Amino acid sequence: MATRREPRFKLSRRLGVNIFGHPQAMKRATKDNSRAGRKLSEYGLQLLEKQKIKAYYGILEKQFVRYLENAKKSKEITGVALLKALECRLDNLVYRIGFANSIRQARQIVRHGHILVNGRKVDIPSCNIKPNAIITLKSASRENAMFTSNFLELKSFDLPYIEKDFDQFSGKLLRLPNREEIPVEVNEILAIELYSK
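The protein chain carries the name Small ribosomal subunit protein uS4 in an unreviewed UniProt entry, which gives Anaerospora hongkongensis as its organism. Database annotation for the protein chain, UniProt heading Subunit (unreviewed entry): "Part of the 30S ribosomal subunit. Contacts protein S5. The interaction surface between S4 and S5 is involved in control of translational fidelity."

Written out as structure tokens, the structure reads:
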């Protein structure tokens with residue numbers, strides 16, 4: 001399984017955005033070590049926005065292109081459809097619900113079989129989750145102090161399209177998110193333009 005393995009803080013500084021939400025991620029950021037701090041060409045800006053999206057969701061180029069092709073077939077604006085599809089990936093929702101403190105950790109939790117979707121074990125991080133699906137931490141996994149403390153103590157995301165049940169260790173995707181509700185600092189229009197030439 002291919003994964004992104006580059007240093008997280010270095011990547012955040014280079015992109016000029018705190019991708020991982022860690023308080024120390026941008027501590028050493030300067031204009032010299034960030035592309036966002038330099039004057040970029042039109043192509044450079046488009047490439048930067050695409051790299052931000054890939055970093056936010058922990059996906060690689062091949063996956064990004066596949067999501068983009070599907071978004072183009074949607075009746076919605078392509079950029080919005082792209083972000084909605086990425087937001088509804090299982091690993092991303094595990095992160096947003098709070099079972100993990102990063103997208104990388106969420107991906108690992110899913111791959112190791114700790115997550116149930118509507119009562120069934122799903123270990124595919126890219127699995128597309130439909131509205132009204134309930135994502136639960138397996139009862140055996142609730143004994144793991146890291147998972148439970150993440151869920152009960154880390155309240156990094158309070159999103160209107162996700163409902164959390166702290167008693168049942170679960171979260172529910174109420175509906176597809178609106179663009180303004182998705183917590184990513186990115187100009188998806190520029191990323192789409194990169195592929196429309």
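**Q** Even after reading the chapter, I still don't get the packing of aromatic side chains, so can you show me in this structure?
**A** The geometry of two aromatic rings is summed up by the distance between their centres and the angle between their planes. As enumerated under the stated definition, the model contains 4 aromatic pairs in all. Ring centres 5.0 Å apart and planes at 35° place the aromatic pair Phe-151 and Phe-166 in the tilted group. Linking Phe-151 in helix H7 (residues 145–153) with Phe-166 in the loop between strand E4 (162–165) and strand E5 (170–173), this pair joins segments that are 15 residues apart in sequence. Residue class for Phe-151 comes out buried when judged on its relative accessible area of 1%. The exposure class of Phe-166 is partly exposed, given its relative accessible area of 32%. Among the aromatic residues, those joined into a ring-pair cluster are Phe-99, Phe-151, Phe-166 and Phe-169.

**Q** Just to check I follow, could you spell out the sheet that holds E5 for this structure?
**A** What the 5 strands build is an open sheet, ordered E2-E1-E3-E5-E4; its pairing is antiparallel. Among the strands making up the open sheet, the edge pair consists of strand E2 (120–121) and E4. With 3 bridges joining them, strand E1 (residues 115–117) and strand E3 (residues 134–137) adopt antiparallel strand pairing. Looking at the pairing, Ile-115 lines up with Leu-137 of E3. Of the strands in this sheet, E1, E3, E4 and E5 are in contact with helix H5 (residues 90–97), which crosses E4 at around 60°.

**Q** Mind showing me how you'd approach the side chain of Asn-92 here?
**A** Along the chain, Asn-92 falls in helix H5. Once residues lying within four places of it in the same chain are set aside, the contact partners of Asn-92 are Tyr-57, Leu-86, Glu-87 and Ile-103.

**Q** Just checking my understanding: could you explain the pairing of E4 for this structure?
**A** A regular strand places its side chains on the two faces of the sheet in alternate fashion. As paired strands, E4 and E5 are joined by 4 bridges and run antiparallel to one another. Looking at E5, one finds that Asp-165 is bridged to Ser-170.

**Q** How do you make sense of the pairing of E5 when you look at a structure like this?
**A** With 3 bridges connecting them, E3 and E5 associate as antiparallel partners. By the bridge assignment for E5, Ile-135 is matched with Gly-171. Hairpin connection from E4 to E5: 4 residues lie between these consecutive antiparallel strands, with Phe-169 at a positive phi of about 50°.

**Q** Please explain the nonpolar core as it appears in this structure.
**A** As a rule of thumb, soluble globular proteins bury nonpolar side chains together. Among the nonpolar cores identified, the biggest contains 27 residues, and Leu-90, Val-94, Phe-99, Ile-115, Val-117, Ile-129 and Ile-135 are the most heavily contacted of them. Among the elements that line this core, the one with the most residues is H5, at 5 residues. Grouped together as the second largest cluster of nonpolar side chains are 18 residues, Val-17, Tyr-56, Phe-64 and Leu-86 included.

**Q** For this particular structure, what's the right way to read the pattern of salt bridges?
**A** Two side chains bearing opposite charge may form a pair once their charged atoms approach each other closely. Following the criterion strictly, the structure yields 10 salt bridges and no others. For Lys-54, the salt bridge goes to Glu-61, with nearest N and O atoms at 3.0 Å. Glu-76 is the salt-bridge partner of Lys-84, the closest N and O atoms lying 2.7 Å from each other. The partly exposed category is assigned to Glu-76, whose relative accessible area is 36%.

So, how was this worked out
Residues numbered from 1 in each chain as written. Predicted model: local features only at pLDDT ≥ 70, side-chain atom pairs only at ≥ 80, totals over all residues. Heavy atoms only, no water. UniProt positions renumbered as here; feature names shortened; annotations may be inferred. Phe/Tyr/Trp six-rings, centres within 6.5 Å; stacked < 30°, edge-to-face > 60°. Helix = DSSP H or I, 4+ residues; strand = E, 2+ residues; numbered from the N terminus. Buried < 20%, exposed > 50% of the residue type's maximum accessible area, 1.4 Å probe, protein only. Pairing = 2+ DSSP bridges. Contact = heavy atoms within 4.5 Å. Axes fitted to C-alpha atoms, helices over the stretch in contact; angles between N-to-C directions. Core = buried A, V, L, I, M, F, W, Y, C linked by side-chain atoms within 4.5 Å. Salt bridge = Lys/Arg side-chain N within 4 Å of Asp/Glu carboxyl O.

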